[in-house]
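One-letter residues, chain by chain:
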Amino acid sequence: MKKGEIALESLRTTYRKKIWTKFVKAVKDFNLIEDGDRIAVGVSGGKDSLLLCKLFQEMKRDRSKNFEVAFISMNPGFQAMDMAQFKANLEELDIPCEVFDANVWEIAFKEDPEKPCFLCAKMRRGVLYNKVEELGYNKLALGHHFDDVVETTLINMFYAGTVKTMIPKVKSTSGKMELIRPMVYIKEKDIIAFTQKNEIMAMGCGCPVESGKVDSKRREIKNLLKTMELTNPNIKQSIFNSMKNINLDYILGYTRGNKSDNKVEE
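On a predicted model such as this, the values are computed, not experimentally measured, just so you know.

Colleague: Explain the sheet that holds strand S5 (residues 169-171) to me, and be specific about the residues and the numbers.
Modeller: One open sheet holds the six strands; their spatial order is S3-S2-S1-S4-S6-S5, and the pairing between them is mixed. Each edge of the open sheet is held by one strand with a lone partner, namely strand S3 (97-101) and S5. Within the sheet, the average angular offset between the axes of one strand and its neighbour, ignoring direction, is 30°. Looking at chain direction, strand S1 (residues 38-42) and strand S2 (residues 68-75) are connected through five bridges and run parallel. Paired with Ala 40 across the bridge in S2 is Ala 70.

What follows is the structure in structure tokens.
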């Protein structure tokens, strides 16, 4: 049995409760996949996006929804060795993926060599969204998971002074497609376990910032949460739940989009 089929089988058995059931629940809770959808899955080559590909392949196989799916990847400037590893992973896991080039890393590091992350992320999103729209897909699926939601919540509170997070379904800025995040209930520790169990050689970002040579805000938040979990093992779940349980009677002010509905006196 090929590695790709073994990975699918583990979703049906070993990781049915911790991964597959949570994927299906998110799809149902937030109506992420509808009959007639043409969905592009963004593939970075990391553990999260590779799992997302297998989840979509499994959902396509069980025919519970009538949709089209394709896998696309933007090469932001990988070295030849990294690109070879990426393509080998795709072949081993039986993921047919269209790869297109975009020189995002070089531009981001040239414009802001000390803190390229914000510009890099913005450019990657823009290039990928444009490609998806150009190819005629109405939805783009991304591999953000439970821990990403929790970390993003704290990053926005600590560094941007706002209460917001990643949401499972949102319109793109152009309004021509929707972004969906079907892995929002799946915990990173279970993704890591799935990857290791199936001997998947997932790639890192390949970026010197994310590889730990320079600390990022997300790394700081990860470390903080790890420390807090020592005394409160359920802290991530509490933070996640808080974003579904905001009481507008007990906040100082709120906005919709970029428009302030209730300003606080300074």
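Colleague: Run through the side chain of Asn 156, naming residues and quoting values.
Modeller: Inspection of the secondary structure assignment puts Asn 156 in helix H7 (residues 146-160). One polar contact links the side chain of Asn 156 to the main-chain carbonyl oxygen of Lys 164, over a distance of 2.9 Å. Ignoring any residue separated from it by four or fewer positions in sequence, one finds Asn 156 in contact with Gly 161, Thr 162, Lys 164 and Thr 165.

Colleague: Can you lay out the environment of Phe 146 for me, pointing to particular residues and giving the numbers?
Modeller: If you trace the backbone, Phe 146 turns up in helix H7. Classification of Phe 146 as buried rests on a relative accessible area of 3%. Contact partners of Phe 146, with chain neighbours within four places excluded, come to Met 183, Val 184, Tyr 185, Ile 186, Lys 187, Lys 236, Gln 237 and Phe 240.

Colleague: Explain the confidence of the model for the protein chain to me, using residue names and the numbers behind them.
Modeller: Mean pLDDT over the protein chain stands at 87; residues scoring 70 or higher make up 89%. Summarising per-element confidence for the protein chain, the mean pLDDT is lowest in strand S8 (residues 259-260) (49) and highest in helix H11 (residues 235-242) (98). Ignoring residues within four places in sequence, the model shows residues 260-266, a span with pLDDT below 50, making ten contacts including any to other chains.

Colleague: Tell me about the packing of aromatic side chains, residues and numbers included.
Modeller: Considering all chains together, one arrives at seven aromatic pairs under this definition. Seen in terms of ring centroids, Tyr 15 and Phe 194 are 5.7 Å apart; in terms of plane orientation they differ by 80°. Their pairing is edge-to-face. Remark: Phe 194 occurs in helix H8 (residues 188-197) and Tyr 15 occurs in the loop between helix H1 (3-12) and helix H2 (16-29); sequence separation between them is 179 residues. By relative accessible area, Phe 194 is classed as buried at 1%. Summarising the aromatic geometry, the rings of Phe 56 and Phe 67 are spaced 6.1 Å apart at their centres and angled 75° between planes, so their arrangement reads as edge-to-face.

Colleague: Which residues make up the packing of helix H10 (residues 217-229) against H11, and what values go with them?
Modeller: It is at 9 Å that the axes of H10 and H11 come closest, and there the two elements cross at 115°. Packed against H10, whose contacting residues are Leu 225, Met 228 and Glu 229, the element H11 presents Ile 235, Lys 236 and Ile 239 at the interface. Here the contact of H10 with H11 is built from residues that sort into four nonpolar, no polar and two charged.

Thresholds applied
- Each chain has its residues counted from 1, running along the sequence as written.
- Residues qualify for local features only when their pLDDT is at least 70, as the model is predicted, and side-chain atom pairs are given and counted only at 80 or more; totals for whole chains, interfaces and linings, by contrast, use all residues.
- With hydrogens and water set aside, each side-chain value is computed from the structure's full complement of heavy atoms.
- In this description, strands pair whenever DSSP reports at least two bridges between them.
- A run of H or I in DSSP becomes a helix once it reaches four residues, and a run of E becomes a strand once it reaches two; helices and strands are each numbered from the N terminus.
- For helices, the axis comes from a line fit to the C-alpha atoms of the stretch in contact; other axes are also lines fit to C-alpha atoms, and the angle between any two N-to-C directions lies between 0 and 180 degrees.
- Pairs of N or O atoms are called polar contacts if they sit within 3.5 Å, as long as, within protein, a hydrogen donor faces a hydrogen acceptor (for residues adjacent in sequence, only side-chain-to-side-chain pairs).
- Contacts between residues were defined by any pair of non-hydrogen atoms, one from each residue, lying within 4.5 Å.
- Three labels apply to residues, based on accessible area from a 1.4 Å probe with only protein chains included: buried if under 20% of the type maximum, exposed if over 50%, partly exposed otherwise in between.
- Every residue is assigned a pLDDT by the predictor, reflecting its confidence on a scale from 0 to 100.
- Between rings of Phe, Tyr and Trp, where Trp is taken as its six-membered ring, a pair exists when centres lie within 6.5 Å; planes separated by under 30 degrees are stacked, by over 60 edge-to-face, and by other angles tilted.
- The nonpolar class holds Ala, Val, Leu, Ile, Met, Phe, Trp, Tyr, Cys and Pro. Asp, Glu, Lys and Arg form the charged class, and all remaining residues, Gly among them, are polar.

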